[in-house]
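This is what each chain is made of:
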Amino acid sequence: MTVGAYVKFNGNCREALNYYANLFKTEPDIMSFAEMPPDPKFPIPEEMKDLVMHGSFSAYGSLIMVSDAMPGQEHTIGDNISLIVTWHDPKELKRVFEILSKDGTVLMPLEKTFWSVLFGIVRDQFGIEWQFDYDAE
């Protein structure tokens, strides 16, 4: 199981991602909101299309994931970092998610998304946000 960081930016994610990728001499991975599969229930406003929906870079063997906050979404520097757990055993992923959920708050239940077979977010009893992502590989 790996645990890494997930950082949200307020509209300047692409700039930060390129900066950090250059710093750590790696290639960034960038997916904009415009690249998402269309969903009529959640149309992407024009001003969001160039923002980063998901990005990542490697820093000394650790994967750091990033995104822009959604317009109108609260963004407080210092509260914009969560931990992301990536694991290939769905039973263990669910076990840890459920334990953190018991005294925490589920922000997104573990479910299939277009980018993952199993993904969910929980804020634990100490206020730490955890993202869980099933790695089928």
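This text follows the structure it describes.
Since the model is a prediction, treat every value here as computed from it, not as a measurement.

Here is what the cut-offs are and how they apply
Residues numbered from 1 in each chain as written. Predicted model: local features only at pLDDT ≥ 70, side-chain atom pairs only at ≥ 80, totals over all residues. Heavy atoms only, no water. Buried < 20%, exposed > 50% of the residue type's maximum accessible area, 1.4 Å probe, protein only. Helix = DSSP H or I, 4+ residues; strand = E, 2+ residues; numbered from the N terminus. Pairing = 2+ DSSP bridges. 1 Å grid on protein atoms, 1.4 Å probe; cavity = no way out; pocket = protein on both sides within 12 Å on 5 of 7 lines; lining within 4 Å. Points joined across faces, edges and corners; volume = space filled by probe spheres on them. Nonpolar A, V, L, I, M, F, W, Y, C, P; charged D, E, K, R; others polar. Salt bridge = Lys/Arg side-chain N within 4 Å of Asp/Glu carboxyl O.

S.K.: Could you give me a rundown of the pairing of strand β8 (residues 129-134), with the residues and numbers involved?
M.R.: The buried count for β8 comes to five of six residues, which makes it a mostly enclosed element. Where strand β5 (residues 81-87) meets β8, five bridges bridge the pair, whose relative direction is parallel. Residue Leu83 lies in a different strand from β8, and its bridge partner there is Trp130. Both strand β7 (residues 119-123) and β8 contribute to a ladder of five bridges, which runs antiparallel.

S.K.: So what's going on with the layout of surface pockets? Which residues, and what values?
M.R.: Approximately 1,100 Å³ is the volume found for the largest pocket. Counting only elements with at least two residues in the lining of the largest pocket, the list comes to β1 (2-9), β2 (29-32), β3 (52-59), β4 (62-68), β5, β6 (105-111), β7 and β8. Tallied by class, the residues present in the lining of the largest pocket amount to 23 nonpolar, seven polar and seven charged. Roughly 310 Å³ of internal volume is contained in the second largest pocket. Looking at the second largest pocket, it is lined by 16 residues, and the ones nearest its centre are Lys8, Asp79, Asn80, Arg123 and Glu129. Elements supplying a minimum of two residues to the lining of the second largest pocket: β1 and β5. Classifying every residue of the lining of the second largest pocket by side-chain character gives four nonpolar, seven polar and five charged.

S.K.: Provide a residue-level description of the pattern of salt bridges, including the pertinent values.
M.R.: A complete count under the given rule lists four salt bridges for this structure. The salt bridge involving Asp50 is made with Arg14; its shortest N-O contact spans 3.5 Å. Taken together, the positions of Asp50 in the loop between β2 and β3 and Arg14 in helix α1 (residues 13-23) put the pair 36 residues apart, joining distant regions of the chain. Its relative accessible area of 28% is what places Arg14 among the partly exposed residues. One salt bridge in this structure joins Arg95 and Glu92, with 2.9 Å as the shortest N-O distance. Remark: Glu92 and Arg95 occur in helix α2 (residues 90-102); sequence separation between them is three residues, near one turn of the helix. Exposure remark for Glu92: the relative accessible area of 24% places this residue in the partly exposed category.

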